[in-house]
Amino acid sequence: MYRPVSRTASSLLLLLVVILAPVPGGGASANNREEGIQVPNPGTDLWREVRKRQQPPLAGVKPPLNGAPGVDLWMEIERSKLSPVGSTQVKSVDSGTLINPFGDEWRRFRMEWLVPYGGYAVAGMFLLVVLFYLIRGRVPIHAGPSDKRLPRYTVYERMIHWFIAAIFLFLALTGLTMLLGRSLLIPLIGAEAFSLLASASKEGHNLFGPLFLLALALIFFRFVRRNIYQRGDLTWLLRGGGLIGSRHVPSNFFNMGEKSMFWMLVLVGGVTAVSGVILVFPVLGQGREIMALSHVAHAITALTMILVIIGHIYIGSVGMEGAIEGMTTGYCDLNWAREHHDWWAERCENNGEVITVEEAFEAEGFTPGAPKHHRPAGETAE
Ligand code: HEM
């Protein structure tokens, strides 16, 4: 007998079964939550085969404790350092290499050096900046803020500055998540949330990373002339840029500290960018050793930049009164310019480029680009 109700009921039942049925490979989800995510290693069979090989002990090779897990694999790796193992008809970079001992060295370096010391360095730099602020406090404009302004940065210059700043901060945060996240974030947010964050960080880092190269090129061509070292820069360095002690230290449009930060960014950042491209595009004929070396160079140079930029952000914002105004409005306080970039300020004053706060405000309204006589004197008055 035809019974439409029972057919509907059985369809619903079927739907329920489908929804509740365990996903293949996901049957242990409750256990996984307790024990962490268990993803089967796709190379398990291969490694089991490698471990099974019984070969005579090697002279001069110290195995780890007998019976320790992985002892056979360890011996195999040591043996492969003496003579290459495996051959294949597949022709591509590294295709004949069954075990790459350098890979183990790279992994050890990452886990035993990069991760812990990189983490300490970043934490130490934050601590240093906080300590410096507590001891030294904010550097004030000694003559007090004035009602006069000097044009310092064009709209284009501010735009490329905030472009590189945004890209850099994004890459630094996603990069640090990948480097330190396992140790720092898993205890805080759990393995599943971290796995989502780490894979999003990786995708975002790889996608936006190449933009850093573009930002760096834009910054380089725009600011290079004003960052060439000149007489007087060494004096600035020897007197600690005026931050140490209270003596005034003269400087030009950019001081020695800013110039050094610029060249560090260009040279060290250049290595980070190029090694990043090697890592993102593994189709340029580079083998695993080049990839491992690029990774090490990428991580060390990126960490170096992060440390320097923490200092830059501090001094460009809370660390010094009046510093950020030029980068946000395009105009800087005349007294700030006299106290920190006096050679440049003097030239601007002689060129009649001083304007009032109201004029600066009005000129800002005409963006993009201030009126001609309000343009930064950087180009003409270096
Ligand atoms: C996000 C926070 C940041 C703040 C608050 C900040 C602030 C500033 C300020 C105030 C200046 C102008 C200083 C002056 O007029 O003498 C400046 C210049 C500059 N900043 Fe930043 N900045 C930040 C991030 C970055 C980042 C992440 C980078 C690069 C990775 C960067 C690269 C530069 C460069 C290249 C200059 C010009 C200095 C020179 O060429 O010597 N900034 N920044």
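Our structure is the block above this text.
Please read all numbers here as calculations on a predicted model, not as lab measurements.

What counts and how
Residues numbered from 1 in each chain as written. Predicted model: local features only at pLDDT ≥ 70, side-chain atom pairs only at ≥ 80, totals over all residues. Heavy atoms only, no water. Helix = DSSP H or I, 4+ residues; strand = E, 2+ residues; numbered from the N terminus. Buried < 20%, exposed > 50% of the residue type's maximum accessible area, 1.4 Å probe, protein only. Contact = heavy atoms within 4.5 Å. Areas by Shrake-Rupley, 256 points an atom, 1.4 Å probe, with all protein chains shown as cover. Near = heavy atom within 4 Å. Polar contact = N/O pair within 3.5 Å; in protein donor to acceptor, adjacent residues only side chain to side chain. Nonpolar A, V, L, I, M, F, W, Y, C, P; charged D, E, K, R; others polar. Donors = N, O, S within 2.8 Å, 3.2 Å for Na, K, Ca; no water. Tetrahedral: all angles 85-135°; square planar, octahedral: opposite > 155°, others 65-115°. Pairing = 2+ DSSP bridges. Phe/Tyr/Trp six-rings, centres within 6.5 Å; stacked < 30°, edge-to-face > 60°. Lys NZ or Arg CZ within 6 Å of the ring centre and 35° of its normal.

*Asks:* Honestly, the overall build of the chain in this entry has me stumped. Any pointers?
*Replies:* When you go through the chain residue by residue, the secondary structure sums to 15 helices and 3 strands. For the chain, with 382 residues in total, the buried portion stands at 35%. Taking all contacts inside the chain whose residues are at least 6 apart in sequence as the whole, residues at least 24 apart take part in 75%. Looking at the chain as shown, the accessible area adds up to about 23400 Å², and 67% of this sits on carbon and sulfur atoms.

*Asks:* Help me understand the site of the ligand, please; the structure alone is not making it clear to me.
*Replies:* The immediate surroundings of the ligand are formed by 25 residues, with Tyr153, His161, Asn227, Glu258 and His312 found nearest. Side-chain polar atom of arginine 152 to an oxygen atom of the ligand: 2.8 Å apart, as the coordinates give it. Here an oxygen atom of the ligand sits 2.8 Å away from a polar atom, N or O, in the side chain of asparagine 227. Going through the elements one at a time, α6 (155-184), α8 (191-223), α10 (256-280) and α11 (288-316) are the ones with two or more residues in the shell around the ligand. Considering every element that reaches the shell around the ligand, the biggest residue donor is α6, with 6 residues. When the residues that make up the shell around the ligand are grouped by side-chain class, the tally is 18 nonpolar, 5 polar and 2 charged.

*Asks:* Could you clarify how one ought to interpret the coordination of the iron atom of the ligand in this entry?
*Replies:* Ideal geometry at a metal centre: 109.5 degrees between donors when four sit tetrahedrally, and 90 or 180 degrees when six sit octahedrally. Coordination of the iron atom of the ligand by the protein is provided by His161 (NE2) and His312 (NE2), with metal-donor distances spanning 2.0 Å. Around the iron atom of the ligand sit 6 donor atoms, and with donor-metal-donor angles ranging over 86 to 180° the site reads as octahedral. With histidine 161 in helix α6 and histidine 312 in helix α11, this residue pair connects regions lying 151 residues apart in the sequence. The class for histidine 161 is buried, based on a relative accessible area of 15%.

*Asks:* Looking at this model, I keep getting lost on the side chain of threonine 301. Mind explaining?
*Replies:* Its place among the elements puts threonine 301 in helix α11. Here threonine 301 falls in the buried class, since its relative accessible area comes to 12%. At 2.6 Å, the side chain of threonine 301 forms a polar contact with the backbone oxygen of alanine 297. A polar contact of 3.2 Å, which involves the side chain of threonine 301, links it to the backbone oxygen of histidine 298. Look past the residues within four positions of threonine 301 in its chain and what remains in contact with it is Val268, Val271 and Thr272.

*Asks:* What is the right way to look at the sheet that holds strand β3 (residues 355-356) in this model?
*Replies:* The strands making up a sheet associate through backbone hydrogen bonding, with each pair oriented either parallel or antiparallel. Ordered by their spatial adjacency, 3 strands build an open sheet running β2-β1-β3, and the pairing between neighbours is antiparallel. Only two strands of the sheet have a single neighbouring strand rather than two, namely β2 (331-333) and β3.

*Asks:* Looking at this structure, I do not really get the packing of aromatic side chains. What am I missing?
*Replies:* The description of an aromatic ring pair rests on the distance of the ring centres and on the angle between the ring planes. In this structure the tally under the stated criterion is 15 aromatic pairs. Ring centres of phenylalanine 132 and tyrosine 314 lie 6.2 Å apart, and the angle between their planes is 90°; on these two criteria the pair is classed as edge-to-face. A residue pair is termed long-range when its members are at least 10 positions apart, and phenylalanine 132 in helix α5 (residues 101-136) and tyrosine 314 in helix α11 qualify at 182 residues. Between phenylalanine 253 and tryptophan 344, the aromatic rings sit 5.1 Å apart at their centres with planes inclined by 80°, giving edge-to-face as the arrangement. You can see phenylalanine 253 sitting in the loop between α9 (233-238) and α10 and its partner tryptophan 344 sitting in helix α14 (residues 342-350), a full 91 residues away along the chain. Neither phenylalanine 253 nor tryptophan 344 differs from the other in exposure class; each is buried. Within the aromatic cluster, the residues linked to one another by ring pairs are Tyr153, Phe223, Phe253, Phe254 and Trp344. Above the ring of phenylalanine 253, the side-chain terminus of arginine 152 is found at 4.1 Å from the ring centroid. Sitting above the plane of the phenylalanine 253 ring, arginine 226 keeps its charged end 4.8 Å from the centroid.

*Asks:* Sorry, what's going on with the environment of alanine 345 here?
*Replies:* Along the chain, alanine 345 turns up in helix α14. Along the sequence, alanine 345 and phenylalanine 253 sit 92 residues apart, while their C-alpha atoms lie 8.0 Å from each other.

*Asks:* Explain the pairing of strand β1 (residues 148-151) here, please?
*Replies:* Put simply, side chains in a regular strand alternate between the two faces of the sheet. Of the pairings in the sheet, the one linking β1 to β3 comprises 2 bridges and is antiparallel in character. Directly across from arginine 149, in β3, lies its bridge partner isoleucine 355. Relative to β2, β1 is paired through 3 bridges, and the arrangement is antiparallel. Paired with leucine 150 across the two strands is cysteine 332, which belongs to β2.

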